[in-house]
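Reading the structure
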Amino acid sequence: MRGPSRAVALALAGVVLAAAVAAATPEELARGELLFHIGGCTNCHTAKDGPLLAGGDAIVTPFGTFYAPNITPDPETGIGRWTRDDFLRAMRFGKAPDGSPYYPAFPYTSYARMTDDDLLALEAYLRTLPPVRRENRPHELPFPYNIRFGLHLWQWLFHDPTPFRPDPARSPQWNRGAYLVEGPGHCGECHTPRTFFGNLDRARAYAGAQLGKETIPNITSDPVRGIGRWSRGDLSTFLLIGIKPDGDFVGGDMAKVVRNGTAKLPEADREAIVEYLSSLPPR
Ligand code: HEC
Ligand code: HEC
């Protein structure tokens, strides 16, 4: 497109974008910001000392090395041209706007538990962040994992897109905690072991895992293998400042989960997470 037609198209796009942003209420943006924090988006999508969400550092997995793409609102190199439906489809179904499937290194497998309302609040918040022009770096994956098409089968076998369903037999606090942990918090993506096929082994939920060189601890209520001996106060202090009952500071990827995520939640949400984790059966 050249000359005036392009200018008109851009102006129209501007109007549409402005309308989309204007439609978000302050309440929605605040909710979106909270979900952005507990979702840990920046932990993967921002490179060390790089611009916010403009693309991340290498994520080394047994299947190869991934680079989380630019998700700023930049129209050329980010997701600025996406519709709200494109965003919903990515987060719930793990599909790109052109229908191709995403690798589960992007934990949409947990984000799918979020409600549409929350996903749209997150989308509205992301739109308020500065657009950054930065090209995506391709993943480095060996055969056969470099064949994206194979993920259609994987998703069909293993991906459940249904949002979280509250358990009416449990308290609202427990349900809020379960939602945060299973959905945006995606705690199980690290703390639950995976099967040979790379899907989460739900029968051993939160029993700990080996992620590359990193050993991820068991966070069930088992008193020996898990954190069953921690008091509720221990756990909420840990989620706020990352200090363990023995006085050690948390390290590894969990330090970011606390700093960028659980530490930024309102106290009631941290307590809800404590309530849910304390209820996890020992494994
Ligand atoms: C554990 C790392 C990780 C976290 C945490 C993470 N992502 Fe990603 N994300 C990725 C990877 C890797 C990809 C690329 C997947 C692929 O190429 O198949 C990706 C892709 C995406 C895409 C598709 C972009 C495109 O250009 O197609 C969107 C949108 C996205 N992530 C949004 C988010 C949001 C929003 C959050 C926070 C709620 C988030 N991600 C958290 C790793 C992560
Ligand atoms: C990116 C991977 C990752 C994610 C996501 C993650 N964790 Fe962790 N977690 C770790 C690692 C690694 C450790 C060990 C850190 C250490 O010992 O210094 C850890 C440690 C912990 C511990 C301390 C256990 C112990 O015995 O020392 C708790 C509690 C915990 N995580 C809870 C959570 C909760 C709740 C969430 C979700 C909000 C979560 N984690 C999400 C990787 C992760």
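Residues numbered from 1 in each chain as written. Chains lettered and ligands numbered in written order. Predicted model: local features only at pLDDT ≥ 70, side-chain atom pairs only at ≥ 80, totals over all residues. Heavy atoms only, no water.

**Some thoughts on the coordination of the iron atom of ligand 2**
The protein atoms that coordinate the iron atom of ligand 2 are His 191 (NE2) and Met 254 (SD), at distances of 2.1 to 2.2 Å. Classification of the site at the iron atom of ligand 2 rests on its 6 donor atoms, whose angles at the metal span 88 to 179 degrees, yielding the label octahedral. Here Met 254 lies in helix α11 (residues 252-261) and His 191 lies in helix α9 (residues 188-191), a separation of 63 residues in the sequence. Overall, the relative accessible area of 22% leaves Met 254 in the partly exposed class. (Donors = N, O, S within 2.8 Å, 3.2 Å for Na, K, Ca; no water. Tetrahedral: all angles 85-135°; square planar, octahedral: opposite > 155°, others 65-115°. Helix = DSSP H or I, 4+ residues; strand = E, 2+ residues; numbered from the N terminus. Buried < 20%, exposed > 50% of the residue type's maximum accessible area, 1.4 Å probe, protein only.)

**Section: the site of ligand 1**
Taken together, 24 residues form the shell around ligand 1, and within it Cys 41, Cys 44, His 45, Tyr 102 and His 139 come nearest. A distance of 2.8 Å separates an oxygen atom of ligand 1 from a polar atom in the backbone of Tyr 103. One nitrogen or oxygen atom from the side chain of His 139 is found 2.7 Å from an oxygen atom belonging to ligand 1. Put simply, the parts of the chain that give the shell around ligand 1 at least two residues each are α3 (41-45), α4 (84-93) and α6 (116-127). (Near = heavy atom within 4 Å. Polar contact = N/O pair within 3.5 Å; in protein donor to acceptor, adjacent residues only side chain to side chain.)

**A short note on the site of ligand 2**
Among the 21 residues in the neighbourhood of ligand 2, the closest are listed as Cys 187, Cys 190, His 191, Gly 251 and Met 254. With respect to ligand 2, the backbone of Gly 251 contributes an N or O atom lying 2.6 Å from an oxygen atom. For the shell around ligand 2, the elements supplying multiple residues, two or more each, are α9, β4 (214-216), α10 (232-241) and α11. Per-element accounting of the shell around ligand 2 gives the leading share, 3 residues, to α11. For the shell around ligand 2, the per-class residue count stands at 13 nonpolar, 5 polar and 3 charged. (Nonpolar A, V, L, I, M, F, W, Y, C, P; charged D, E, K, R; others polar.)

**A few points about the coordination of the iron atom of ligand 1**
For a metal bound by four donors in a tetrahedral arrangement, the ideal donor-metal-donor angle is 109.5 degrees, while six donors in an octahedral arrangement ideally sit at 90 or 180 degrees. Inspection of the coordination sphere of the iron atom of ligand 1 shows a single protein donor, His 45 (NE2), at 2.0 Å. On the secondary structure map, His 45 appears in helix α3.

**Regarding the packing of aromatic side chains**
If you walk through the whole model with that rule in mind, you get 12 aromatic pairs. Among the aromatic residues, ring-to-ring pairing joins Tyr 102, Phe 106, Tyr 108 and Tyr 111 into one connected group. (Phe/Tyr/Trp six-rings, centres within 6.5 Å; stacked < 30°, edge-to-face > 60°.)

**What to know about the pattern of salt bridges**
Under the criterion given, the structure shown has 17 salt bridges. For Arg 92, the salt bridge goes to Asp 116, with nearest N and O atoms at 2.8 Å. A residue pair is termed long-range when its members are at least 10 positions apart, and Arg 92 in helix α4 and Asp 116 in helix α6 qualify at 24 residues. Among the charged side chains, a salt-bridge network with shared partners connects Glu 28, Arg 84, Glu 123 and Arg 127. (Salt bridge = Lys/Arg side-chain N within 4 Å of Asp/Glu carboxyl O.)

**Some remarks on helix α8 (residues 172-182)**
With 8 of 11 residues buried, α8 lies mostly within the body of the structure. Turning to α8, its buried residues number three or more, namely Trp 174, Asn 175, Gly 177, Ala 178, Tyr 179, Leu 180, Val 181 and Glu 182. Next to the buried residues of α8 lie α2 (26-39), α5 (108-111), α6 and α12 (267-278). (Contact = heavy atoms within 4.5 Å.)

**Some remarks on the domain arrangement of the protein chain**
Along its sequence, the protein chain is organised into domain 1 (19-163) and domain 2 (164-283). With centres defined by C-alpha atoms, the gap from domain 1 to domain 2 works out at 22 Å. Tallying the contact residues gives 20 residues for domain 1 and 25 residues for domain 2. Both faces considered, domain 1 and domain 2 share a buried interface measuring about 2,000 Å² in area, 60% of it formed by carbon and sulfur atoms. The largest contributions to the domain 1 side of the interface with domain 2 come from His 37, Ile 38 and Asn 43, which together make up 30% of the buried area. Taken together, the links from domain 1 to domain 2 amount to 0 salt bridges. Here domain 1 and domain 2 share 9 residue pairs in polar contact (both at pLDDT 80 or more) between them. Where the side of domain 1 that touches domain 2 is concerned, the elements lending two or more residues are α2, α3, α5 and α7 (150-158). (Domains from an automatic or database assignment. Buried area = accessible area lost by both parts, 1.4 Å probe.)

**Here's the deal with the packing of α4 against α6**
Where α4 contacts α6, the two axes come as close as 10 Å, and the packing angle between them is 120 degrees. The orientation of α4 relative to α6 falls into the category oblique. Both α4 and α6 take part in a crossing whose hand is right-handed. Within the contact between the two elements, α4 uses Arg 84, Phe 87, Leu 88, Met 91 and Arg 92 and α6 uses Asp 116, Leu 119, Leu 120, Leu 122, Glu 123, Ala 124 and Leu 126. The residue inventory of the contact of α4 with α6, partitioned by class, reads 8 nonpolar, no polar and 4 charged. (Axes fitted to C-alpha atoms, helices over the stretch in contact; angles between N-to-C directions. Parallel < 35°, antiparallel > 145°, perpendicular 65-115°, else oblique. Left-handed = near helix turned anticlockwise from the far one by under 90°.)

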